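Each chain, written out:
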Amino acid sequence: KQEVTQIPAALSVPEGENLVLNCSFTDSAIYNLQWFRQDPGKGLTSLLLIQSSQREQTSGRLNASLDKSSGRSTLYIAASQPGDSATYLCAVSNSGGSNYKLTFGKGTLLTVNP
Amino acid sequence: DAGITQSPRHKVTETGTPVTLRCHQTENHRYMYWYRQDPGHGLRLIHYSYGVKDTDKGEVSDGYSVSRSKTEDFLLTLESATSSQTSVYFCAISRGETQYFGPGTRLLVL
């Protein structure tokens, strides 16, 4: 059974700092990995999707990397802003097609202080 | 925004009462999902659908049933609600391989 772990559970940083969020998964035979953001009381918003054959994806100040063999992914946020404060979740899929479903980590609660 | 709505958004019910949550999408996506989110457990998949009348169980399906008679609607039913089913329920669709989530339904079972 796939298990996804996110460390740290919470992180507080001053504005402008670069930071890294970590995600690890037990079964390295993944199909893809996604990073999501969740604001309090809201649904999830997809940030980045990395296919199993890819090493990284970038969107603006966000960069996600994937090391499938070691079962790890990182989300790098550059020049953090108070608006980045949210919970960040990592999720993996082990199959595509009609069996496509995600296993989520419990998330990292990020607070960026002005 | 993937045109996903959930209803109701909030519900309080009593133990033993049947409850149905509705997920509606406007973009004709084939894959739809129901998750629950609980402190300490994160998001867990309840059921999913890969087409009209095609559904399958997820990680925490006991006590839940689903139906999908139209592409746009995916219903989650708690046949006899229990206090352990107090949670926030999220519906999602897949657009390609990216999942998009609805706003959630907060359910309190007393």
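Residues numbered from 1 in each chain as written. Chains lettered and ligands numbered in written order. Predicted model: local features only at pLDDT ≥ 70, side-chain atom pairs only at ≥ 80, totals over all residues. Heavy atoms only, no water.

A.B. asks: Report on the overall build of chain B, specifying residues and quantitative values.
C.D. replies: Along its length, chain B carries 0 helices and 11 strands. Traced from its N-terminal end to its C-terminal end, chain B shows the element sequence β-β-β-β-β-β-β-β-β-β-β. Against the compact-globule benchmark of 13 Å for 110 residues, chain B has a radius of gyration of 13 Å, which places it among compact chains. When the backbone C-alpha atoms are referred to their principal axes, chain B occupies close to 40 × 25 × 25 Å. Evaluated residue by residue, chain B yields a buried proportion of 50% over its 110 residues. For chain B, the accessible surface area stands at approximately 5000 Å², while carbon and sulfur atoms represent 48% of it. With 12 positive and 12 negative side-chain charges, chain B shows a spacing of 3 Å between the two charge centroids. (Helix = DSSP H or I, 4+ residues; strand = E, 2+ residues; numbered from the N terminus. Rg over C-alpha atoms; globule rule 2.2 N^0.38 Å. Buried < 20%, exposed > 50% of the residue type's maximum accessible area, 1.4 Å probe, protein only. Areas by Shrake-Rupley, 256 points an atom, 1.4 Å probe, with all protein chains shown as cover. Lys, Arg positive; Asp, Glu negative; His and termini not counted. Charge placed at Lys NZ, Arg CZ, Asp CG, Glu CD.)

A.B. asks: How would you sum up a nonpolar patch on the surface? Please name residues and give values.
C.D. replies: All names here are of chain B. On the surface, a nonpolar cluster with roughly 290 Å² of combined accessible area is contributed by Val12, Leu108 and Leu110. Topologically, Leu110 is positioned in the segment after strand S11 (105–109). The exposure class assigned to Leu110 is exposed, which follows from its relative accessible area of 58%. (Patch = residues over 30% accessible without salt bridge, like charges linked within 9 Å, V, L, I, M, F, W, Y side chains within 5 Å. Salt bridge = Lys/Arg side-chain N within 4 Å of Asp/Glu carboxyl O.)

A.B. asks: Can you explain the interface of chain A and chain B? Please cite residues and give values.
C.D. replies: Contact residues are listed per partner, giving 22 residues for chain A and 22 residues for chain B. Residues Lys1(A) and Glu59(B) are paired through a salt bridge, measuring 3.6 Å at the closest nitrogen-oxygen approach. A class-by-class count of the residues in the side of chain A that touches chain B yields 8 nonpolar, 10 polar and 4 charged. (Contact = heavy atoms within 4.5 Å. Nonpolar A, V, L, I, M, F, W, Y, C, P; charged D, E, K, R; others polar.)

A.B. asks: Give a description of the state of the cysteines that names residues and reports values.
C.D. replies: Joining two cysteines, a disulfide is a covalent bond between their sulfur atoms. Residues and elements named next belong to chain A. Taken as a whole, this structure holds 2 disulfides over all chains when the rule is applied. Between the sulfur of Cys23 and that of Cys90 lies a disulfide, 2.0 Å long from S to S. Residues Cys23 and Cys90 are joined through a disulfide that is left-handed, its torsion about the S-S bond being -60°. Taken as a pair, Cys23 in strand S3 (residues 19–25) and Cys90 in strand S9 (residues 86–93) lie far apart in primary sequence, 67 residues in all. The exposure class assigned to Cys23 is buried, which follows from its relative accessible area of 2%. (Disulfide = S-S within 2.5 Å.)

A.B. asks: How would you summarise the environment of Leu75(B) if you had to cite specific residues and measurements?
C.D. replies: Residues and elements named next belong to chain B. Counting through the fold element by element, Leu75 comes out in strand S8 (residues 73–78). Residue Leu75 is classed as partly exposed on the basis of its relative accessible area of 27%. Considered as a pair, Leu75 and Lys11 are 64 residues apart in the sequence and their alpha carbons are 15 Å apart.

A.B. asks: Explain the sheet that holds S3(A) residue by residue, including any values.
C.D. replies: What links the strands of a sheet is backbone hydrogen bonding, and the strands pair in either a parallel or an antiparallel sense. Residues and elements named next belong to chain A. Taken in spatial order, the 5 strands of this open sheet run S1-S3-S8-S7-S6, and their pairing is antiparallel. Two strands close off the open sheet at either side, each with one partner strand: strand S1 (4–7) and strand S6 (56–59). Direction aside, the axes of adjacent strands within the sheet are offset by 15° on average. One ladder, built from 6 bridges, connects strand S7 (residues 62–67) with strand S8 (residues 72–77); its direction is antiparallel. Looking at the pairing, Leu66 lines up with Ser73 of S8. (Pairing = 2+ DSSP bridges. Axes fitted to C-alpha atoms, helices over the stretch in contact; angles between N-to-C directions.)

A.B. asks: Which residues make up unusual backbone geometry, and what values do they have?
C.D. replies: For the bond from Ile7(A) to Pro8(A), the omega torsion is 0°, close enough to zero to count as cis. Tracing the sequence through the fold places Pro8(A) in the loop between S1 and strand S2 (10–14). Residue Ser7(B) is joined to Pro8(B) through a cis peptide bond whose omega torsion reads -5°. Relative to the elements of secondary structure, Pro8(B) occurs in the loop between strand S1 (4–7) and strand S2 (10–13). In this structure, Asn28(B) is a non-glycine residue whose phi angle is positive, near 65°. Positive phi, normally seen in glycine, also occurs at Lys53(B), with a value near 65°. Relative to the elements of secondary structure, Lys53(B) occurs in the loop between strand S5 (42–51) and strand S6 (54–57).

Interpretation in functional terms is not warranted from these geometric data alone.
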